[in-house]
Amino acid sequence: MSSGTAKCFSKKFLELRCSRTFVICTVAIAVFVDMFLYSLIIPILPTLLTDRAQVTASKVQVALAGLLAAYNVAIVICAPISGYFADKWSNRKMPLLGGLFALAGATVLFTLSKNLGLLYLARILQGASASIVWVVGLALLVDATSSEGIGSAMGWVSLGLSLGDTCGPFISGVVYERAGHYTAFSVAFAVITVDIILRCLLLEPQSQHVSTPKEVQPGQDSAPQSIESYVLEGRSGRIAEGMPQLMDSQSGLENQQEKDVPPGSFNIFKLLRYPDMLCSLWCIFMITVVLTGLEAVIPLHIELTFGWSSQGAGLIFVSLAIPIFLSPLIGMLSDRFGSRPLSAAGLLLATVFGPLLALIRSFSVGRVVALVLFLAVIGLGISLVMTPEMAVISIFADSKAKEKPNEFGPGGATAQCCALTTIATATAGSVGPLITGAIQSTSGWTATSIAVGAFGALGLVPVLLKAAYDRNFSQPKAEDTATSSAEAKDIDTTRATMLGSKRGRNA
């Protein structure tokens with residue numbers, strides 16, 4: 001009895017390890033750990049530079065900018081490489097584990113290093129690990145999730161991102177101040193340990209996007225189950241009998257196409273030829289510019305305008321991140337209604353409420369409440385764009401492969417689609433602070449607020465143009481309409497014939 005119970009438990013545990021729920025949890029926690037460790041370093045990095053790396057106070061700002069640039073450059077370089085090999089190899093778990101060990105190595109360097117060069121190396125390793133987590137992790141998520149549920153799954157990933165980005169600075173600031181350097185980094189290693197356990201337990205499920213032909217079971221009638229399928233299959237049979245040479249030539253062409261596209265092809269430039277892909281990437285890029293641009297200027301503006309400390313500025317800035325906790329709900333809405341209506345709404349919110357930030361020019365309780373409200377609405381707009389568009393890009397290659405089976409080769413291009421998302425966010429993460437910081441220093445807060453709204457408007461333009469194009473030019477082709485009419489006529493004729501035969505037999 002105990003042996004049977006053990007076998008039953010082992011089977012259930014095995015099913016859990018390769019289940020969709022476990023994959024989503026593992027990827028979401030991997031993203032959480034990545035963002036947690038990234039943001040954990042930010043509040044204590046100035047102290048690391050001055051106290052341990054012996055960087056002079058006049059050069060701290062330059063070193064901080066250089067470390068941020070090193071992180072983003074590592075992501076941009078490593079993301080397409082990670083996507084290429086993830087599509088080429090059938091195993092996604094091992095690269096995911098490799099990225100985690102790179103992250104652990106970066107954390108060790110941050111903990112022990114007393115040299116600026118080692119801090120740069122740690123930041124580069126952290127960027128490389130982030131590229132692997134985002135590219136391979138999201139590709140694994142697509143493998144385990146049907147296209148109808150990818151938005152909901154991506155919502156949980158976005159939630160992990162938000163939690164990591166919010167908890168990291170708060171925990172590191174409190175622990176570092178009260179317990180010291182090594183205690184703060186012990187929290188990082190505890191989180192990494194949990195992530196290692198989950199990634200080791202993970203079993204890769206079979207892709208939900210690979211369709212296999214249905215087999216006819218013994219004793220099952222292989223005939224069509226309806227008049228409509230009978231007519232359509234009969235038409236296919238007549239075409240096959242009448243034009244065997246054409247079918248042979250088409251088969252040969254498909255085989256030649258499959259030979260021309262090797263497994264694991266570098267498809268990133270091919271993906272960029274599609275307007276839908278460019279539109280989604282542009283939306284993600286511009287909304288990330290909005291987010292990172294505000295992150296660069298809001299804290300200092302609050303300190304100067306309200307006279308608050310950096311801690312108070314950080315707490316009010318959390319209002320921008322709170323709406324991201326709605327990401328799972330937004331993902332479900334994306335699965336039901338599509339991504340573009342939500343993206344348009346999110347970009348519109350950023351366009352409208354960005355310039356309203358210019359009203360916050362002096363301290364009062366009403367202005368504090370208004371600032372919290374404006375930032376919360378902009379944060380909601382960011383979530384409405386990021387979650388649906390990330391889902392669209394993640395399954396883009398699979399949707400195109402259904403139209404053109406050999407478009408991206410047998411290995412597909414799912415991971416390389418995720419790599420493009422990672423490149424867009426990393427690039428925007430560097431561009432946003434540079435632009436808003438420059439505008440703030442040269443033209444002031446009003447111009448910066450208007451620029452934030454302009455970023456949202458720039459993201460909204462291609463969405464509206466694409467919607468107008470689809471409405472005006474994506475009409476059914478005349479030959480498709482004629483074919484449908486012919487099929488309907490054949491169905492009606494066959495139905496009348498069968499009914500007439502039945503009446504004759506009854507008479």
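What counts and how
Residues numbered from 1 in each chain as written. Predicted model: local features only at pLDDT ≥ 70, side-chain atom pairs only at ≥ 80, totals over all residues. Heavy atoms only, no water. Helix = DSSP H or I, 4+ residues; strand = E, 2+ residues; numbered from the N terminus. Buried < 20%, exposed > 50% of the residue type's maximum accessible area, 1.4 Å probe, protein only. Contact = heavy atoms within 4.5 Å. Areas by Shrake-Rupley, 256 points an atom, 1.4 Å probe, with all protein chains shown as cover. Axes fitted to C-alpha atoms, helices over the stretch in contact; angles between N-to-C directions. Left-handed = near helix turned anticlockwise from the far one by under 90°. Nonpolar A, V, L, I, M, F, W, Y, C, P; charged D, E, K, R; others polar. Parallel < 35°, antiparallel > 145°, perpendicular 65-115°, else oblique. Expected span 1.5 Å × (residues − 1). Phe/Tyr/Trp six-rings, centres within 6.5 Å; stacked < 30°, edge-to-face > 60°. Salt bridge = Lys/Arg side-chain N within 4 Å of Asp/Glu carboxyl O. pLDDT = per-residue confidence, 0-100.

Q: Got a minute to help me understand the overall build of the protein in this structure?
A: Summing up its helical and strand segments, the protein has 19 helices and zero strands in all. In the protein, which comprises 507 residues, the proportion classed as buried is 45%. A sequence separation of at least 24 residues applies to 86% of the contacts in the protein between residues at least 6 apart. As presented, the protein carries roughly 25,400 Å² of accessible surface, and 65% of it is formed by carbon and sulfur atoms.

Q: Help me out: how do you make sense of the packing of helix α5 (residues 116-144) against helix α6 (residues 150-179) in this one?
A: For any two helices packed against each other, one specifies the crossing angle of their axes together with the interaxial distance. At a minimum axis distance of 10 Å, the contact between α5 and α6 shows a crossing angle of 150°. Two packed elements cross with a definite hand, and for α5 against α6 that hand is right-handed. Of the residues in α6, those touching α5 at W134, L138, L141 and V142 are I150, A153, M154, V157 and L161. Grouping the amino acids of the contact of α5 with α6 by side-chain chemistry returns nine nonpolar, no polar and no charged.

Q: Is there a simple way to explain unusual backbone geometry in this structure?
A: Leaving glycine aside, a negative phi is the common case for residues, and trans is the common case for peptide bonds. Positive phi values are uncommon outside glycine, yet Q54 reaches one of about 55°. Structurally, the position occupied by Q54 is in the loop between α2 (20-52) and α3 (60-88). Relative accessible area serves as the criterion here: at 60%, Q54 is assigned to the exposed category.

Q: It is not clear to me how the side chain of N267 should be interpreted in this structure. Could you clarify?
A: Within the secondary structure layout, N267 lies in the loop between α9 (244-260) and α10 (268-271). Non-local contacts of N267, meaning those with residues more than four positions away in its chain, are made with E407, F408, G412, A413 and Q416.

Q: Is there a simple way to think about the packing of α6 against helix α13 (residues 327-337) in this case?
A: Two elements in contact, α6 and α13, have axes whose closest approach is 7 Å; the angle formed by their N-to-C orientations is 160°. If you check the angle between α6 and α13, you find them roughly antiparallel. Along this stretch, α6 crosses α13, giving a crossing that reads as right-handed. Between α6 and α13, the contacting residues are I150, G151, S152, G155, W156, S158 and L159 on the first element and S327, P328, G331, M332 and D335 on the second. Split by residue class, the contact of α6 with α13 holds five nonpolar, six polar and one charged.

Q: Looking at this structure, how should I read helix α14 (residues 340-356)?
A: Residues lying three or four places apart along an α-helix face the same way, a consequence of the helix completing one turn every 3.6 residues. Between its terminal C-alpha atoms α14 stretches 25 Å, which fits the 24 Å expected from 17 residues at 1.5 Å a residue. Those residues of α14 that fall on the buried side of the exposure criterion are L342, S343, A344, G346, L347, A350, T351, F353 and G354. Contacts from the buried residues of α14 go to α11 (275-306), α13, α15 (365-394) and α18 (445-473).

Q: I tried to follow the packing of aromatic side chains on my own but got confused; where do I start?
A: Each pair of aromatic rings is reported with the distance of its centres and the angle of its planes. In this structure the tally under the stated criterion is nine aromatic pairs. Note on Y84 and F85: the rings are 5.0 Å apart at their centroids and 80° apart in plane angle, and the pair reads as edge-to-face. On the basis of an interplanar angle of 70° and a centroid distance of 5.3 Å, the ring pair of Y274 and F396 is categorised as edge-to-face. You can see Y274 sitting in the loop between α10 and α11 and its partner F396 sitting in helix α16 (residues 396-403), a full 122 residues away along the chain. The same class applies to Y274 as to F396, namely buried.

Q: Looking at this structure, how should I read the pattern of salt bridges?
A: Think of it this way: side chains of opposite charge can pair up when their charged atoms draw near. Counted under the stated rule, the structure contains four salt bridges. Between E389 and R340 there is a salt bridge whose closest N-O contact spans 3.2 Å. Here the residue E389 occupies a position in helix α15, and R340 occupies one in helix α14, the gap between them amounting to 49 residues. Given the relative accessible area of 21%, R340 is considered partly exposed.

Q: Hey, could you run me through the confidence of the model for the protein in this one?
A: Interpretation of the predicted coordinates at a detailed level should be avoided for regions scoring low in pLDDT. Scored by pLDDT, the protein has a mean of 78; 79% of the residues are at 70 or more. α14 holds the highest mean pLDDT among the elements of the protein, 94, whereas helix α8 (residues 227-242) holds the lowest, 37. Here residues 476-485 is modelled with pLDDT under 50, and outside its nearest four sequence neighbours on either side it reaches two contacts, counting other chains as well.

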